[in-house]
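# Structural features, examined
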Amino acid sequence: MNLSVLGNFPVNRPRRLRTSPALRRLVAETSLNVNQLVLPLFARSGKKLRRPVAAMPGVFQLSPDEILREATQAQELGVPAVLLFGIPDQKDAKASGAYAKNGIVQQVTRRLKKELPELLVITDVCLCEYMEHGHCGIVQDGKILNDPSLRLLARTAASHAEAGADIVAPSDMMDGRVRAIRAELDNEGFLETPIMSYAAKFASAFYGPFREVAESAPSFGDRRSYQMDAANGNEALREVALDIQEGADLVMVKPALAYLDILRRVKTEFGLPTAAYAVSGEHAMIKAAAANGWIDERAVTLESLLAMRRAGADILITYAAMDVAKWLKPA
Ligand code: PBG
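Below is a short write-up of the structure. Because the structure is a prediction, the values reported are computed rather than measured.

Looking now at the environment of Ala199. Relative to the elements of secondary structure, Ala199 occurs in strand E9 (residues 196–201). Linking Ala199 and Ile244, residues 45 residues apart in sequence, is a C-alpha distance of 8.7 Å. With sequence-adjacent residues up to four places away left out, Ala199 is seen in contact with Met173, Arg177, Glu239, Val240, Asp243, Val251 and Met252.

What follows is the structure, given as structure tokens:
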């Protein structure tokens, strides 16, 4: 920016462009729109099940019929997409529930695509919810194995596509998973199913409440041997570059608010459709402070999402998607 073109005070008065709501609207550089929102949903088997989660007010484990209700409401509010997670009835050492033809995500995906064909169904592709040890890959001798896990991830993604998923979203952070998933999808004839990779996913304490909802906390150790170190920005760009080379169509940065620098760099560097995931801990912080009357929930939520947009996010994955859709409706 050439600062010499700006006159000095009193010629230059930035407040001139802030004098009325209409003028402020006219010069706004960034905006929020319902089209940008994705609502995460947690499915488990059962009927009329709406199991609340202590750490995440407003978020539930939902049975398929309740998922359909929630998704219908989201669609009516104009939210274009949901992101599906599954909690299986049983966990084992090879994550069978993740790629079972009639697994919970596969069932719910079929149902949603049948009842609400317009609503985009994005499926989270990961193994942690389905593994008895809660890690995102196969475990041997206390180690999380990379290459053998790829096969399971690829099968999981293909089974989601087979059930009708519009986009598959791998969140495991194994090396080479996007390539493995692309190959399997192509092989099975799903040439047009896009991959949204959790490309820059950090090992974050902000995922705490999610692990309670998804029942996916690791039973030993942590995820630091596969998710990224919060200290690293350049490495995030390399991770994203690799996923794009391997075939990612959309990329994600996660968490969002504490990683806005990464979002900006990813958007500037690659220009792909870029998603920000406002994760469970971010949601919980806003909810908790609002419940105490310390902050204005609506204003803080909208400001946070706008900051993600300003940082370069095209897509906003947020547990507040339905509230935001209501707030954005013209009065
Ligand atoms: C599964 C997964 C996680 C989240 C999304 N997919 C948890 C984790 O990596 O432990 C976190 C989402 C959130 O906190 O809202 N791998």
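What follows continues from the structure just given.
Let us now look at the site of the ligand. As a structural note, the neighbourhood of the ligand is formed by 18 residues, with Lys201, Arg211, Lys254, Ser280 and Tyr319 the closest of them. Side-chain polar atom of Arg211 to an oxygen atom of the ligand: 2.6 Å apart, as the coordinates give it. The fraction of the free accessible surface of the ligand (400 Å²) that becomes covered by protein chains is 100%. Judged by the proximity of its atoms to the pocket grid, the ligand belongs to the largest cavity.

Before going further, it helps to examine the pairing of strand E8 (residues 167–170). Here E8 shows a buried face lined by Ile167 and Ala169 and a second buried face lined by Val168 and Pro170. One ladder, built from four bridges, connects strand E5 (residues 120–125) with E8; its direction is parallel. The partner of Asp124 across the bridge, within E8, is Ala169.

Right, let's get into the pairing of strand E4 (residues 81–87). Across the seven residues that make up E4, a large majority, seven, are buried. Strand direction decides the pairing type here: strand E1 (residues 37–44) and E4, joined by seven bridges, are parallel. Bridge pairing in E4 places Ala43 opposite Gly86. Bridge count between E4 and E5: four bridges; the pairing is parallel. Within E5, the residue paired with Ala81 across the bridge is Leu120.

What follows is about empty space enclosed by the protein. Taken as a whole and judged by the stated rule, the model has one cavity of 30 Å³ or more. Space inside the largest cavity adds up to approximately 160 Å³. Around the largest cavity sit 19 residues that line it, and Ser171, Lys201, Tyr207, Phe210 and Lys254 are the ones nearest its centre. Elements with a minimum of two residues in the lining of the largest cavity: E9 and helix H7 (208–214). A class-by-class count of the residues in the lining of the largest cavity yields nine nonpolar, four polar and six charged.

Let us look at the pattern of salt bridges. All chains considered together, the criterion is met by 15 salt bridges. Where Arg69 meets Glu66, a salt bridge forms, and the shortest distance between an N and an O atom there is 3.3 Å. Of this pair, Arg69 and Glu66 both sit in helix H2 (residues 64–76), three residues apart, which is roughly one turn of the helix. A salt bridge links Arg182 to Asp186, with the nearest nitrogen and oxygen atoms 3.0 Å apart.

Another aspect to go through is a nonpolar patch on the surface. Taken together, the side chains of Leu17, Leu26 and Val27 define a hydrophobic patch exposed on the protein surface, amounting to about 300 Å² of accessible area. Tracing the sequence through the fold places Leu17 in the segment before helix H1 (21–26).

On the secondary structure map, Arg110 appears in helix H4 (residues 104–115). With relative accessibility at 30%, the residue Arg110 sits in the partly exposed group. When the C-alpha atoms of Arg110 and Glu162 are compared, they prove to be 9.0 Å apart, with 52 residues separating the residues in sequence. One polar contact links the side chain of Arg110 to the main-chain carbonyl oxygen of Lys101, over a distance of 3.0 Å.

Cut-offs and rules
- Residues numbered from 1 in each chain as written.
- Predicted model: local features only at pLDDT ≥ 70, side-chain atom pairs only at ≥ 80, totals over all residues.
- Heavy atoms only, no water.
- Helix = DSSP H or I, 4+ residues; strand = E, 2+ residues; numbered from the N terminus.
- Contact = heavy atoms within 4.5 Å.
- Near = heavy atom within 4 Å.
- Polar contact = N/O pair within 3.5 Å; in protein donor to acceptor, adjacent residues only side chain to side chain.
- Areas by Shrake-Rupley, 256 points an atom, 1.4 Å probe, with all protein chains shown as cover.
- 1 Å grid on protein atoms, 1.4 Å probe; cavity = no way out; pocket = protein on both sides within 12 Å on 5 of 7 lines; lining within 4 Å.
- Sits in = over half its atoms within 2 Å of the grid points.
- Buried < 20%, exposed > 50% of the residue type's maximum accessible area, 1.4 Å probe, protein only.
- Pairing = 2+ DSSP bridges.
- Points joined across faces, edges and corners; volume = space filled by probe spheres on them.
- Nonpolar A, V, L, I, M, F, W, Y, C, P; charged D, E, K, R; others polar.
- Salt bridge = Lys/Arg side-chain N within 4 Å of Asp/Glu carboxyl O.
- Patch = residues over 30% accessible without salt bridge, like charges linked within 9 Å, V, L, I, M, F, W, Y side chains within 5 Å.

Keep in mind that these numbers describe shape and distance, not what the molecule does.
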